[in-house]
Amino acid sequence: MTTENNNLLENLRMELRRGSLILAVLAQLHSEQYGYTLRKALAEHGMAIDEGTLYPLLRRLETQGLLVSEWREEDKRNKRFYILSDAGKEIFQKLLTEWQSIDASLKGMLEGISA
């Protein structure tokens with residue numbers, strides 16, 4: 001594969017992954033977590049994310065009203081804990097339904113095509 005095609009593939013892969021990460025983060029935040037435990041949970045499910053991507057995403061989702069957070073001391077350190085807001089729960093359900101529809105459509109289109 002040429003360098004140009006490798007770059008194109010990487011850009012398309014990141015674009016595909018970006019939307020999936022939002023759904024993954026919302027799914028994990030049905031229970032309260034702070035950044036490190038969220039990153040660990042995502043990685044355990046095959047959705048590794050670096051801090052430079054996760055924390056801006058969390059701030060954006062909170063600004064959009066999908067998350068609420070609070071600072072608390074745990075293990076003698078201040079940590080910011082995140083959880084879905086009521087609006088976040090509602091949006092998550094709608095996004096999940098959309099994701100399942102897209103997944104079913106793609107499975108139907110890709111059936112019989114070998115990689």
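Look a little higher up for the structure.
## Observations concerning the overall build of the protein chain
Phase 1: Check the secondary structure of the protein chain and you find four helices and three strands.
Phase 2: Counting helices and strands in the order they occur from the N terminus, the protein chain gives α-β-α-α-β-β-α.
Phase 3: Radius of gyration (C-alpha) of the protein chain: 17 Å, far over the 13 Å computed for a compact globule of 115 residues.
Phase 4: In terms of overall dimensions, the protein chain has a C-alpha envelope of 55 × 35 × 25 Å along the principal axes.
Phase 5: Counting over 115 residues, the protein chain shows a buried share of 25%.

## Considerations on the pattern of salt bridges
Phase 1: Scanning the model with the defined rule gives eight salt bridges in all.
Phase 2: For Arg72, the salt bridge is made with Glu32, and the minimal N-O distance between the two is 2.7 Å. Of the two residues, Arg72 sits in strand E2 (residues 67-74) while Glu32 sits in the loop between helix H1 (3-28) and strand E1 (33-34), which places them 40 residues apart along the sequence.
Phase 3: One salt bridge connects Arg80 with Glu62, and the closest N-O pair in it is separated by 3.5 Å. Of this pair, Arg80 sits in strand E3 (residues 77-84) while Glu62 sits in helix H3 (residues 51-63), and the two are 18 residues apart along the sequence.
Phase 4: Residues joined by salt bridges that share partners form a network here, namely Glu32, Glu70 and Arg72.

## Quick notes on the packing of aromatic side chains
Phase 1: On inspection of all chains with the given rule, the structure shows one aromatic pair.
Phase 2: Consider the rings of Tyr34 and Phe81, whose centres lie 5.4 Å apart with planes at 70°: the pair is edge-to-face. Residue Tyr34 is located in strand E1, and its partner Phe81 is located in strand E3; the two are separated by 47 residues in the primary sequence.
Phase 3: Residue class for Tyr34 comes out buried when judged on its relative accessible area of 17%.

## Focus: the sheet that holds E1
Phase 1: A sheet is described by the order of its strands in space; here three strands give the open sequence E1-E3-E2, paired in antiparallel fashion. The sheet is open, and its two edges are formed by E1 and E2, each paired on a single side.
Phase 2: Here E2 runs beside E3; their pairing, made up of eight bridges, is antiparallel. Following the sheet pairing, Leu67 is matched in E3 by Leu84.

## So, a nonpolar patch on the surface
Phase 1: A grouping of Ile102, Leu106, Met109, Leu110 and Ile113 is seen on the molecular surface, where their side chains present a nonpolar patch of about 500 Å² in accessible area.
Phase 2: Turning to its location among the elements, Ile113 is positioned in the segment after helix H4 (86-110).

## What to know about the packing of H1 against helix H2 (residues 35-44)
Phase 1: With their axes 10 Å apart at the nearest point, H1 and H2 run at an angle of 115° to one another. Here the hand of the crossing between H1 and H2 comes out right-handed. In contact with Ala24, Val25 and Gln28 of H1, H2 contributes Leu38, Ala41 and Leu42.

Conventions adopted
- Residues numbered from 1 in each chain as written.
- Predicted model: local features only at pLDDT ≥ 70, side-chain atom pairs only at ≥ 80, totals over all residues.
- Heavy atoms only, no water.
- Helix = DSSP H or I, 4+ residues; strand = E, 2+ residues; numbered from the N terminus.
- Rg over C-alpha atoms; globule rule 2.2 N^0.38 Å.
- Buried < 20%, exposed > 50% of the residue type's maximum accessible area, 1.4 Å probe, protein only.
- Salt bridge = Lys/Arg side-chain N within 4 Å of Asp/Glu carboxyl O.
- Phe/Tyr/Trp six-rings, centres within 6.5 Å; stacked < 30°, edge-to-face > 60°.
- Pairing = 2+ DSSP bridges.
- Patch = residues over 30% accessible without salt bridge, like charges linked within 9 Å, V, L, I, M, F, W, Y side chains within 5 Å.
- Areas by Shrake-Rupley, 256 points an atom, 1.4 Å probe, with all protein chains shown as cover.
- Axes fitted to C-alpha atoms, helices over the stretch in contact; angles between N-to-C directions.
- Left-handed = near helix turned anticlockwise from the far one by under 90°.
- Contact = heavy atoms within 4.5 Å.

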